[in-house]
Amino acid sequence: MTSELFSPLLLRSGQVLRNRIAKAAMEENMAGAGQLPDERILTLYRRWAAGGAGLLITGNVMVHAEALTAPAGVVLDEHSPLKPFVEWAKTGKSGGGAIWMQINHPGRQVPSGMPGVVWGPSDIGVSMGRHSSRFGRPTAMTPRQIDDTVTRFAVTAHLAEKAGFDGVEIHAAHGYLLSQFLSPLVNKRTDQWGGSLENRARMLLDTVYAIRGAVSPSFAVAVKLNSADFQRGGFDADDARQVIAMLEPLGVDLVELSGGSYESPAMTGRPADDSTQAREAYFLDLAKDLVRTSPLPLMLTGGITRRVTAERALYNGVAVVGMGTAITLTPDLPLRWRDHREADRIMEPVTWSDKALAAAASMARVRHQMRRLARGRGTNPGSSPALALISERRKQRRALRGYRAWLAATRRAGTK
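Residues numbered from 1 in each chain as written. Predicted model: local features only at pLDDT ≥ 70, side-chain atom pairs only at ≥ 80, totals over all residues. Heavy atoms only, no water.

### A closer look at the pairing of strand 6 (residues 98–104)
Walk down a regular strand and you will see the side chains alternate between the two sheet faces. This is how it is decided: For every residue, the accessible area (1.4 Å probe, protein chains only) is compared with the maximum for its type, and the residue is labelled buried under 20%, exposed over 50%, or partly exposed between those bounds. Under the scheme used here, helices are H or I runs from DSSP no shorter than 4 residues and strands are E runs no shorter than 2 residues, and both carry numbers assigned from the N terminus. Only when DSSP finds a minimum of two bridges between them are two strands counted as paired.
Among the seven residues of strand 6, seven are classified as buried, and the element is accordingly described as predominantly covered. Taken together, the three bridges between strand 4 (residues 55–57) and strand 6 define a ladder with parallel strand orientation. Bridging from a neighbouring strand, Ile-57 pairs with Trp-100 of strand 6. In the sheet, strand 5 (residues 61–62) pairs with strand 6 via two bridges, with the strands oriented parallel. Residue pairing in the sheet places Met-62 in a bridge with Asn-104 of strand 6. Relative to strand 9 (residues 167–172), strand 6 runs parallel, the two being bridged by four bridges. Paired with Ile-103 across the two strands is Ile-170, which belongs to strand 9.

Structure follows, in C-alpha cells:
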C-alpha cells in the first residue's frame, strides 16, 4: 500500500486539507461563563493544533440556547459575543491546519432536569431500559419549530465563518435531532417530514441548503452521518447511501461516517445488536460499501488508533481518517505517524455488562483526558472509568446550576 496519509486533499469548495488526518469531534463540555469557550478550550486546541492534523473539528456547538446535550455545552447564536469564537478559530489554525465547527441540536437527547425544551420529530422518548429516565420526554416539533431550527443552523454557520472558522460540520448522527428525523424508529410523522426516506431527510437537506446560502462558496460544509444506527428497523447502510446521493447536489464537501446513538452506542465500539465488535475502525466494512457509490469524499471515524489502520481505510477509498480518543491521549499522533512512530499507550475499552453505563463511562474518561490537556498536563490512559464517571456527574451538576442561572437571566433580558 502506498500511503496517502500525508497527501493534501482538495475539496469542492476549493479548500485544501494539508493531510488526510482529522481530529474528530468530541464534546468537550467545557463551556465557561455565558456558555462560551474560554481559556481551557483554547489551551486544549493549542495542543491539538500543534499535533500535525490536517483538520480539527470542534466538539458540538449548540445552535439553540434552550436545547443542550449537557449543561456545559457551548452555544453560538445571534446573541453570542463573537470574540471568544474568533480566539478559538485563531488557536485552532495556529499549527497550520484547518478548523471546522461542528454544529448540532440535541432534539430529544436532552438530559432530564435541564431547563429549556426537549423536541423530536415525534413524542417518542429515548429507550435505554433502566437508564431511560436520564433523558427528558420529547414533544413533537411543529412545522414552525422545524423551520426556526433550520434557520438557527444557518445563523450559527454564518457566525462561525465570521469568526474565522474554515467550515462547519452538521451533526446528523449519533441520535441527535437531524439523525432522529432520519430514523424510521423515531420519526413517526405523517406530514412532509415523515414516512419516506426523502421526507425524513428533508430537514437535513433544508439545513444544508440554508447553510450553503448563508456562507461563502469557499467555506467548507460537511455532514456527519450514521453509516447505520445499529438498531433493527432503523436507519441503515442503504439509507445512508441514498442520503449521501441527496447531499451531493447541495454543495457538501465531505461526509463523515460514524454510527450508533445512546440507545445503541456503536460509536464506542459496543452497539446494542453486537453487530460490530472490531477493536479498530468500527465502521470500515460499511464504509467500504458506501465508498463504491458515494459521489462525495468520505471521512471515517471510530476506533482508529494505529497508522496501519488509517492506511487501510485510505486504501479502501476513504478520503480522510478521523480520530477522537487516540488523538486526545496522544495529541501529536499525526506527527508521530509522519515519523513512523505510534502512541506509547492506548486506552483499554470499558467492557461493563451494562452497555449504556459503559458508554457513559467511556465518554467521561475521554473528557477527563481533555480536561487534563486543558490544564496543561499530560494524559493518563490508565485512569479509572468509574471515577471518571463519578467526577463527570459532579461537574455536570455544578454546570447545571450555572446554565439554569444564565438561561433565566437571558430570558428575563428577552434575548432567547
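### So, the pattern of salt bridges
Put simply, the test is: Only one rule defines a salt bridge in this text: a Lys or Arg side-chain nitrogen within 4 Å of an Asp or Glu carboxyl oxygen.
As enumerated under the stated definition, the model contains 20 salt bridges in all. For Arg-40, the salt bridge goes to Asp-38, with nearest N and O atoms at 3.1 Å. Accessibility expressed as a relative area gives 36% for Arg-40, which makes it partly exposed. Among the ionic pairs, Lys-93 bridges to Asp-166, the shortest N-O distance being 3.7 Å.

### Examining the nonpolar core
What counts, and what does not: Think of a nonpolar core as a cluster: buried Ala, Val, Leu, Ile, Met, Phe, Trp, Tyr and Cys residues, connected wherever their side-chain atoms sit within 4.5 Å. The contact rule is simple, with two residues in contact once any of their heavy atoms fall within 4.5 Å.
Grouped together as the largest cluster of nonpolar side chains are 89 residues, with contacts concentrated most on Trp-88, Ile-170, Leu-204, Ile-211 and Leu-247. The element best represented in this core is helix 3 (residues 143–163), accounting for eight residues. If near-sequence neighbours (up to four positions away) are discounted, Ile-211 is found in contact with Ile-103, Phe-153, Ala-154, Ala-157, Val-168, Ile-170 and Val-221. Counting 16 residues, the second-largest nonpolar core is a separate cluster that includes Leu-11, Ala-22, Leu-55 and Ala-319.

### A look at the packing of helix 1 (residues 39–49) against helix 2 (residues 83–92)
For clarity, the threshold we go by: Geometry is summarised by axes, namely lines fitted to C-alpha atoms with helices restricted to the contacting stretch, and by angles between N-to-C directions that run from 0 to 180 degrees. Should an angle fall under 35 degrees it is taken as roughly parallel, and over 145 as roughly antiparallel, whereas 65 to 115 is taken as roughly perpendicular and any remaining angle as oblique. Should the near helix be turned anticlockwise from the far one by less than a right angle, the crossing is termed left-handed; should it be turned clockwise, right-handed.
As a packed pair, helix 1 and helix 2 sit with axes 8 Å apart at the nearest point and diverge in direction by 20°. Put simply, helix 1 runs roughly parallel to helix 2. Considering how the two elements wind past one another, helix 1 and helix 2 form a crossing that is right-handed. Residues Ile-41, Leu-42, Tyr-45, Arg-46 and Ala-49 of helix 1 touch helix 2, and the partners they reach there are Glu-87, Trp-88, Thr-91 and Gly-92.

### A word on the packing of helix 3 against helix 6 (residues 202–214)
Rule in force here: Side-chain classes follow a simple rule in which Ala, Val, Leu, Ile, Met, Phe, Trp, Tyr, Cys and Pro form the nonpolar group, Asp, Glu, Lys and Arg form the charged group, and the remainder, Gly included, forms the polar group.
Put simply, helix 3 and helix 6 touch, their axes get as near as 8 Å, and they point 35° apart. Pair helix 3 / helix 6 crosses with right-handed handedness. On the side of helix 3, the interface is formed by Ile-146, Thr-149, Val-150, Phe-153, Ala-154, Ala-157, His-158 and Glu-161, while helix 6 contributes Met-203, Asp-206, Thr-207, Ala-210, Ile-211 and Ala-214. Looking at the contact of helix 3 with helix 6 residue by residue, the class counts come to nine nonpolar, three polar and two charged.

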